[in-house]
Amino acid sequence: MNLKNIEDNQLLNNFTGLVAQEKEITASVVRYLSEIFRRRLFAQEGYSSLFSYLVEKYHYSRSSAYRRIQAAKLSLRFPKIIDLLAKGGLNLMAVC
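The notes below deal with the structure included here. (Residues numbered from 1 in each chain as written. Predicted model: local features only at pLDDT ≥ 70, side-chain atom pairs only at ≥ 80, totals over all residues. Heavy atoms only, no water.)

**Considering the environment of Asn 2**
Move 1: Along the polypeptide, Asn 2 turns up in the segment before helix H1 (8–39).
Move 2: Judged by its relative accessible area of 45%, Asn 2 falls in the partly exposed class.
Move 3: In the structure, Asn 2 is positioned 88 residues away from Leu 90 in sequence and 32 Å away in space, judged by C-alpha atoms.
Move 4: Reaching out from Asn 2, the side chain makes a polar contact with the backbone nitrogen of Lys 4 at a distance of 2.9 Å. (Helix = DSSP H or I, 4+ residues; strand = E, 2+ residues; numbered from the N terminus. Buried < 20%, exposed > 50% of the residue type's maximum accessible area, 1.4 Å probe, protein only. Polar contact = N/O pair within 3.5 Å; in protein donor to acceptor, adjacent residues only side chain to side chain.)

Next up, the structure:
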């Protein structure tokens, strides 16, 4: 998509929507990771850890994988973390 032809207001509105979606998607990723961790599904896929699963299979950077895993583990104890991530009340760095 060529953004050069989009009017300023539309560009800003679209960006606002994307930021909201990004937060919701991050919360969903963390929610899924917590369940994958709980079930140890990464081991069924042939990985020794959730960390190696994310880095090797999904090409997350080491720091991105670490933050998501920490958030996923904490969300098992404190489920409210997921809602806070989705609404922007917390970010991954703050959770860690």
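Once the structure has been displayed, the description carries forward.
**A word on the packing of H1 against helix H4 (residues 62–77)**
When two helices pack together, you describe them by how their axes are tilted relative to each other and by the distance separating the axes.
Move 1: At a minimum axis distance of 8 Å, the contact between H1 and H4 shows a crossing angle of 75 degrees. Considering the angle they form, H1 stands roughly perpendicular to H4. Across the interface between the two elements, Val 29, Val 30, Leu 33, Ser 34, Phe 37 and Arg 38 from H1 touch Arg 68, Ala 71, Ala 72, Lys 73, Ser 75 and Leu 76 from H4.
Move 2: When the residues that make up the contact of H1 with H4 are grouped by side-chain class, the tally is seven nonpolar, two polar and three charged. (Axes fitted to C-alpha atoms, helices over the stretch in contact; angles between N-to-C directions. Parallel < 35°, antiparallel > 145°, perpendicular 65-115°, else oblique. Contact = heavy atoms within 4.5 Å. Nonpolar A, V, L, I, M, F, W, Y, C, P; charged D, E, K, R; others polar.)

**Looking at the packing of aromatic side chains**
Move 1: According to the stated counting rule, one finds two aromatic pairs in the structure shown.
Move 2: Ring geometry for Tyr 47 against Tyr 53: centres 5.4 Å apart, planes inclined by 70 degrees, an arrangement best described as edge-to-face.
Move 3: Note on Tyr 53: relative accessible area 7%, which makes it buried.
Move 4: Every member of this aromatic cluster is reached through a ring pair, and the members are Tyr 47, Tyr 53 and Tyr 58. (Phe/Tyr/Trp six-rings, centres within 6.5 Å; stacked < 30°, edge-to-face > 60°.)

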